[in-house]
Amino acid sequence: MSELLNFNYPPEPAVDRVTLFADVILPLPLPKLYTYRIPFEMNDEVLVGARVIVQFGAKRVLSCIVADIHENAPADYQAKYIMDVLDDKPIVTAPQLRLFRWIADYYMCTIGEVINAALPSALKLSSESRIQLHPHFNPEEDDIPLAAQEAKIIYALEQNPALTFTEVGNLLQVKSYHKYIKSLIQKEAIIIFEQVSDRFSPKVVKKIRLTEHFVQEEGMLEELFNQLAAKPKQLDILLNYLQKVPVHQNIHLNAAGIEKSVLANNPHLSKSSIDSLIKKGVFEQFDQIISRFPVDNTVPLQPMKLSEHQEQAKDEILGLFKEKDTVLLHGVTGSGKTEVYIDLIKHALEAGGQVLYLLPEIALTAQIVTRLMKVFGDKLGIYHSKFSDNERAEVWQGVLSGRFQMVVGVRSAVFLPFHNLSLIIVDEEHEPSYKQYDPAPRYNARETALMMAHLQGAKTLLGSATPSIETYYNCKTGRWGLVNMHKRFGDAQLPDIELINVREEQQRKNMHSHFSGRLVTAIEERLARHEQVILFQNRRGYAPFISCDECSWIPKCQHCAVSLSYHKYNNELRCHYCGYHERMPHDCPACGATTLRSMGFGTEKVEDDLKLMLPNAEVQRMDLDTTKKKNSYQQIIADFESGKTNVLIGTQMVTKGLDFENVSLVGILNADSIIHFPDFRAHERAYQLFVQVSGRAGRKGKPGTVLIQTRDPLQPIFRKVHSNDYTSLYEHEIEERMRFGYPPFTRMIRITVKHPDEKVSENAAIVLAKDLTDQLGSQLVLGPEVPYIFKIRNLFLNEIHVKLPRENVNLRAAKQAIAKVIQQLYLLPDFKGVRVVADVDPA
Ligand code: ADP
Ligand code: ZN
Ligand code: ZN
C-alpha cells in the first residue's frame, strides 16, 4: 500500500533545470522540518510562506507552509515530491516565519505547534478519504482488463478529479463496493488520498435587480408599468424597488441591486409576487460576496483634544522612542491612556506603518474597541477569541492585503501576518491572561510582541496603572523608557479607600450574610442618589464547596483533587477544572442526614443575598456563567451603561478597563482569598486587582469610594493600595524577588510530570529531577513537589522548577539540555505514558 502511494515522480529532469527542495512546516508536533522535492514544473510556483500539499507517512496528505527553498537534498532520506501548490502568494510573511521560529525555541515547543496555533482553521485544510486516478495510469493506453463496475469508476474519475467512498457507492448502486476499489488499487489504476480542500468560504447574500433590458432600453420601464397595471401586488414591488434603487434617475444604480430580504421581509409586500416577477424575468436574482466585517461608512470621529498632561506624556514617549524601542506608560486608572495611544497610532498610520493594539480580553474591553472603531473606521481589523474561523481568516487576509492597516486583538493577534509594523501597543501589560497556559505554544503575548517589534523595527508602548514587577524593573534599570501620568483626566480624583474589619463586624453582629452593615448602607445611599455600584467577588458559582454538618463530608470531583462548587441556578455541583458535574444531592450520601450546607460564597450568592436585602435594586451578575453566549457580555455592559442596572456584581471581569461615569462605589467582598494565594506573585496580583477594581469608581466628576471587607486589615498591602503607592509595592517585591531568586533575577521553567498512576508520576518526576540536576547543577533545579491541586482530569501531577540565572547562562543550551533529558525519560520502559510539559516563564 505504502509503495503504491509513493506515486508522483514526474518525468526525468531536463539537464538545464535546477533541482530545488523545500523545507516545510507541517501542522504536527514534529521536532524538525521536512524536506520535499519541488517538481520542475512547479519551480516558479512554490513560494516561501505559501501553502503546498505533500504526502506525509504512508497515507496522509497534508497542507503545510513552505519555510525555505534551497538546492540541498536531505542526507538521510529520499525526498518525496510536493504534490500541489495552494497559494500563488505567501500567506505567511518573512518576519512571521522568523517570529514563529523564535517562539518555538524560546517556549520549548515545535514550530508545527506554533503554526497550528497561528493559522485560523479556515486557512488550514480539512481532509477526507478520496480516490483519484493513479498518476501513472493512462486509461487510453494501459490495457489493464477492468470489470464493468471498475470501468464505471475509472470513467467517473476521468470526469471528476476525485471521488469519496460514498460517491463511489452511489455511483455503483451497490453496498459492497470496496472490493472494486481494492482491485483497482492492486491494478495500479487508482490511489487513495486524503482530499485536502480549502475551507475558507466567503459570506454570500442573495440580491435582486431589474433585468438589464428594462433599464437599458428606452421606454421599457413604462412598458413594464403598463404590463403590471392589472397586478397591484407586483406593481407595489416594482415601485418599492425603484424607491430604493432609483434607476429612472441613474441607470447605473441597477447593477448593485438590492438585498432580496429587504423586499421579502417587508410586511406590506407579497413574497410570492417577488418570486413571480423573478420567474417572469422582470427581476433577476444574483449572489454577492460580502465582507463579514461590514465597512463602517460613518465618518470617523476626530480624536479628542489631548489635555496638557496627555500632550506632555505623548511628547515624552516620542522622545524616548528616539533612543529606546520599548516604553512603559505608567498612568493611574482614568488618566486617559487610551487617548494617548490613539494619538500615537494616528501618527504611525499616517506615516504608512502597521499598528497592532493588544488587549487582554476583547470582550472585557468592548468600550475601548468601540472607541477605536469610531476613530479609525474601516482601517481597523478586530481579532477576537469568540470569532468564527472564517472571521479570523478574513482578518488574516485583510492584514495581508493591506485592507486592515491596524488590528486590535487578543493575545493570538501576535500571529497575524504583519510585515511593516511600526507600533505595538500592549494595553494592561500586567495582565496574566497574556500568557497562554495550555496547549503549546505556552507563549506570553507581551514578550512575543516585543520580539515581533524587534524583528520588524517597530516601537512598543506598554501601558498599565499597575505594571508587572518585571516590566518596571526593566524601566528602572534603564533598558526601557518610563513615562508617568499621576493624575486622572479632568478634575476626577482617585477614590477614597476604606477597610472594613469583618471580624469585628461579626462580633458586633453587624454582618448580613456576607455584607457588612457599612457596605449595605453605602449601597443604599448610592441607589438613593441614582448612582451605580460595582461589587467584586473572586469566585463564581454559589459556593466553592458544600459540607455535611453532621459528618463533615465534602463532595469532591471524581477526576480532580478539588471540591465541587455549588451552582444554585441549576442545582448542580460542578468542577471548575474539568467541567464534571452532578445534581446537588438532597441529603448527605455519607451519613444520610439532611444537613448539607454551602460553605464560603461566590458571585451567585452575592447576587441572591443582595436581591433579598434590596428588592428594589436592579442587579446583574457578570462572570463566566452569565457571559457564555456571544453577545451576553455586551448586553450586560449596555444595561449598566444605560442605567437600567444599578448594581453590577462580578468576578475579575468587572476589574478590567470598564469606564462608567456614574459609578461612585466599589465593594470588594472578600479581599483575603486574593492575598493568601500560594504564589510568589500573590502580592503583586492582589495589588493589581485591588487597584484596578477600585479604579472603576469616581472616574468622572463624582467622587468615588471603595470599601474593602477583610478579616486582617493590618496587612501591609492595604496601606499600599490605600495610598496608591506602587513604588513601595515595587520596592518591597523586587527585594523579595532578589532574595529568593525569582524573576526578573532568574528565568523560571516549570516542568510538570503527568500520569494516571500516582506512583508512576512521582517516580518519573524523581528521575527527571535527578537527571536535570546532573545536567544543570543542584542550585538550579527545585523539586519535585506535589502541587496544591495534585490531580486534574485523572492525571497525577508533580512539578519541578528550573531557575536559570539571567547572567552567565546560555539560555538556549540550557533549554536544549532540558528537552533532551525529557526525551530520554520518554524512552524508559517504566515511564510509558508519562507526559512532561515544560512551561517557560509560567504566569
Ligand atoms: P485609563 O485607560 O487611563 O484608565 P481612559 O483612557 O479610559 O483612562 O480615560 C478616562 C476617561 O477620561 C474616559 O472616560 C475618557 O473618555 C476621558 N478622556 C480621556 N482623555 C480625554 C480627552 N483628551 N478629552 C476628553 N475626555 C477624555
Ligand atoms: Zn453527612
Ligand atoms: Zn474535575
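Because the structure is a prediction, the values reported are computed rather than measured.

Time to look at the sheet that holds strand E1 (residues 20–25). The antiparallel open sheet is built from five strands, whose spatial order is E2-E1-E4-E3-E5. Each having just a single partner strand, strand E2 (34–38) and strand E5 (84–85) make up the two edges of the open sheet.

The subject of this paragraph is the coordination of the zinc ion (ligand 3). Donor atoms from the polypeptide that bind the zinc ion (ligand 3) are Cys-557 (SG), Cys-560 (SG), Cys-575 (SG) and Cys-578 (SG), placed at 2.2 to 2.4 Å. Its four donor atoms give the zinc ion (ligand 3) angles of 104 to 113° at the centre, a pattern that matches the tetrahedral case. As a motif over one chain, the donors of the zinc ion (ligand 3) read C-x2-C-x14-C-x2-C. Pair noted here: Cys-557 is in the loop between strand E23 (545–548) and strand E24 (565–567) and Cys-578 is in the loop between strand E25 (572–574) and strand E26 (581–583), with a separation of 21 residues, a long-range link. No difference in accessibility class separates Cys-557 from Cys-578, as the two residues are buried.

In this structure the tally under the stated criterion is 19 aromatic pairs. Arranged with centres 4.9 Å apart and planes meeting at 70°, the rings of Tyr-472 and Tyr-730 form a pair that is edge-to-face. With Tyr-472 in helix H17 (residues 469–476) and Tyr-730 in helix H25 (residues 726–740), this residue pair connects regions lying 258 residues apart in the sequence. There is no split in this pair, since Tyr-472 and Tyr-730 are both buried. Pairwise contacts between aromatic rings join Tyr-472, Tyr-687, Tyr-726 and Tyr-730 into one cluster. Against the face of Tyr-383 rests Arg-392, its NZ or CZ located 5.1 Å from the ring centre. Over the ring of Tyr-106 we find Lys-815; its NZ or CZ atom is 3.5 Å from the centre of that ring.

This next bit is on the pattern of salt bridges. One side chain can pair with another of opposite charge once the charged atoms of both are near each other. Applying the stated criterion across every chain, the model contains 38 salt bridges. Glu-339 serves as the salt-bridge partner of Arg-371, at 2.6 Å between the closest nitrogen and oxygen. Taken as a pair, Arg-371 in helix H14 (residues 366–376) and Glu-339 in helix H13 (residues 337–350) lie far apart in primary sequence, 32 residues in all. Accessibility classification places Arg-371 together with Glu-339 in one group, the buried group. As a salt-bridge pair, Glu-447 and Arg-446 come within 2.9 Å of each other at their nearest N and O atoms. Taking the relative accessible area as the measure of exposure, Glu-447 reaches 25% and is therefore partly exposed.

To continue, consider unusual backbone geometry. The omega torsion across Ala-440 and Pro-441 is 0°, close enough to zero to call that bond cis. Mapped onto the fold, Pro-441 is located in the loop between strand E16 (421–427) and helix H16 (445–456). Residue Pro-744 is bonded to the preceding Pro-743 through a cis peptide linkage, with omega at 10°. Structurally, the position occupied by Pro-744 is in the loop between H25 and strand E32 (746–755). Even without being glycine, Asn-571 reaches a positive phi, approximately 50°. Relative to the helices and strands, Asn-571 is located in the loop between E24 and E25. When its relative accessible area of 27% is taken as the criterion, Asn-571 is described as partly exposed. In this structure, Asn-794 is a non-glycine residue whose phi angle is positive, near 70°. Relative to the elements of secondary structure, Asn-794 occurs in the loop between strand E34 (791–792) and strand E35 (795–805).

The full set close to ligand 1 counts 17 residues, and Lys-305, Gln-310, Gly-334, Thr-338 and Asp-659 are the nearest of them. In this structure, an oxygen atom belonging to ligand 1 sits 2.9 Å away from a side-chain N or O atom of Lys-337. Within the side chain of Asp-659, a nitrogen or oxygen atom sits 2.5 Å from an oxygen atom of ligand 1. In the complex, 84% of the free accessible area of ligand 1, which totals 560 Å², lies under the protein chains. Ranked by residues supplied to the shell around ligand 1, first place goes to H13 with three residues. Of the residues in the shell around ligand 1, the class split is four nonpolar, seven polar and six charged.

Let's shift gears to helix H12 (residues 308–321). With 14 residues, H12 should cover 20 Å at 1.5 Å per step; its first-to-last C-alpha distance of 20 Å lies within 8% of that length. Those residues of H12 lying buried are Gln-310, Ala-313, Lys-314, Ile-317, Leu-320 and Phe-321. Take H12 and look down its axis: the buried residues cluster within an arc of 130°, on one side only. At its buried positions, H12 is contacted by strand E12 (326–331), H13, E16, strand E17 (459–464) and strand E18 (481–485).

So, about the coordination of the zinc ion (ligand 2). Looking at the zinc ion (ligand 2), the protein donor atoms are Cys-548 (SG), Cys-551 (SG), Cys-588 (SG) and Cys-591 (SG), and they sit 2.3 to 2.4 Å from it. In this structure, the zinc ion (ligand 2) is surrounded by four donor atoms whose angles at the metal cover 106 to 112°, and the resulting shape is tetrahedral. As a motif over one chain, the donors of the zinc ion (ligand 2) read C-x2-C-x36-C-x2-C. Pair noted here: Cys-548 is in strand E23 and Cys-591 is in the loop between E26 and strand E27 (596–599), with a separation of 43 residues, a long-range link. Of the residues examined, Cys-591 reaches a relative accessible area of 37% and is grouped as partly exposed.

With that out of the way, let us pick up the nonpolar core. One finds Leu-356, Ile-751, Leu-768 and Leu-772 to be the most contacted residues of the largest nonpolar core, which totals 116 residues. Excluding residues that lie within four positions of it along the chain, Leu-768 makes contacts with Ile-751, Val-753, Ile-800, Val-821, Ile-822, Leu-825 and Val-836. Among the nonpolar cores identified, the runner-up in size contains 31 residues, and Ile-317, Val-327, Leu-380 and Val-483 belong to it.

Definitions and limits used
- Residues numbered from 1 in each chain as written.
- Chains lettered and ligands numbered in written order.
- Predicted model: local features only at pLDDT ≥ 70, side-chain atom pairs only at ≥ 80, totals over all residues.
- Heavy atoms only, no water.
- Pairing = 2+ DSSP bridges.
- Helix = DSSP H or I, 4+ residues; strand = E, 2+ residues; numbered from the N terminus.
- Donors = N, O, S within 2.8 Å, 3.2 Å for Na, K, Ca; no water.
- Tetrahedral: all angles 85-135°; square planar, octahedral: opposite > 155°, others 65-115°.
- Buried < 20%, exposed > 50% of the residue type's maximum accessible area, 1.4 Å probe, protein only.
- Phe/Tyr/Trp six-rings, centres within 6.5 Å; stacked < 30°, edge-to-face > 60°.
- Lys NZ or Arg CZ within 6 Å of the ring centre and 35° of its normal.
- Salt bridge = Lys/Arg side-chain N within 4 Å of Asp/Glu carboxyl O.
- Near = heavy atom within 4 Å.
- Polar contact = N/O pair within 3.5 Å; in protein donor to acceptor, adjacent residues only side chain to side chain.
- Areas by Shrake-Rupley, 256 points an atom, 1.4 Å probe, with all protein chains shown as cover.
- Nonpolar A, V, L, I, M, F, W, Y, C, P; charged D, E, K, R; others polar.
- Expected span 1.5 Å × (residues − 1).
- Arc of directions from axis to C-beta.
- Contact = heavy atoms within 4.5 Å.
- Core = buried A, V, L, I, M, F, W, Y, C linked by side-chain atoms within 4.5 Å.

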